[in-house]
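Take a look at the letters that make up each chain.
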Amino acid sequence: MKKFKNHINLTGKVILIAEDNDGLRSLMSGIVSFGGARVIEACNGQKCLEIISGEQIDAAIIDIHMPNIDGLTAASAIRTDDKSKSIPIILVSSDHEKLAKIESESSSVEGYIYKPFSSKDMLQKVVNILSPD
C-alpha cells in the first residue's frame, strides 16, 4: 500500500461521489472537499452515468448498492465507454463479503473502500489514485 502523502492537495480535481444515502454522500463530499477537490454528487447509478457523460471527472467514488443502476453496472459502463474508461474508480460498500469478492476477482477499478471508513482512509485512497507516484 502506498504511504499517505503528508500534503493533501486535490485542488483542481473533480471527484464524482455516487451514493444513495443522502447523509453519507454529504459526509463523503465533505471529506473529499477538505482536500481541495470540487465534488459532484449523484444519488444513483443512472445519475452517475449522466454526470460522467457530461462532465470532466478526475475520479469517481461509487457505492455498489444503489437504485436504478447499481454501482457495479455503472462502473462497467464507465469502463466500456471510450470517453470515460480511463477515469479512476473507487468502489464503496458496507457489504464486506461482496466487496472482498469483487476486489479479489477484478482489476478494473483502482480502489475499494469498506464502510464504515475513516476520513483519513478515504482521503488516502483518493490521493493515491490521483497521485500514484
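An account of the pattern of salt bridges is requested, with residue identities and associated values reported.
Considering all chains together, one arrives at 8 salt bridges under this definition. Measuring nitrogen to oxygen at the nearest pair gives 4.0 Å for the salt bridge that ties E105 to K101. Of this pair, E105 and K101 both sit in helix 4 (residues 96–105), 4 residues apart, roughly one helical turn. Taken together, the shared-partner salt bridges in this structure form one network comprising E19, D63 and K115.

Let's hear about the pairing of strand 4 (residues 89–93): which residues, and what values?
Taken across its 5 residues, strand 4 has 5 buried, putting it largely inside the fold. Neither face of strand 4 is open: one carries I89, L91 and S93, the other I90 and V92, and all of them are buried. Sheet topology places strand 3 (residues 59–63) next to strand 4; 4 bridges connect them, and they run parallel. Within strand 4, the residue paired with I62 across the bridge is L91. Each parallel crossover has a hand, and the one from strand 3 via helix 3 (residues 71–80) to strand 4 is right-handed. Note: strand 4 against strand 5 (residues 111–114), 4 bridges, orientation parallel. The residue bridging V92 from the neighbouring strand is I113, located in strand 5.

Calculation rules
Residues numbered from 1 in each chain as written. Predicted model: local features only at pLDDT ≥ 70, side-chain atom pairs only at ≥ 80, totals over all residues. Heavy atoms only, no water. Salt bridge = Lys/Arg side-chain N within 4 Å of Asp/Glu carboxyl O. Helix = DSSP H or I, 4+ residues; strand = E, 2+ residues; numbered from the N terminus. Buried < 20%, exposed > 50% of the residue type's maximum accessible area, 1.4 Å probe, protein only. Pairing = 2+ DSSP bridges. Right-handed = clockwise from strand over helix to strand, strands pointing away.

Purely spatial values, then, with no claim about function.
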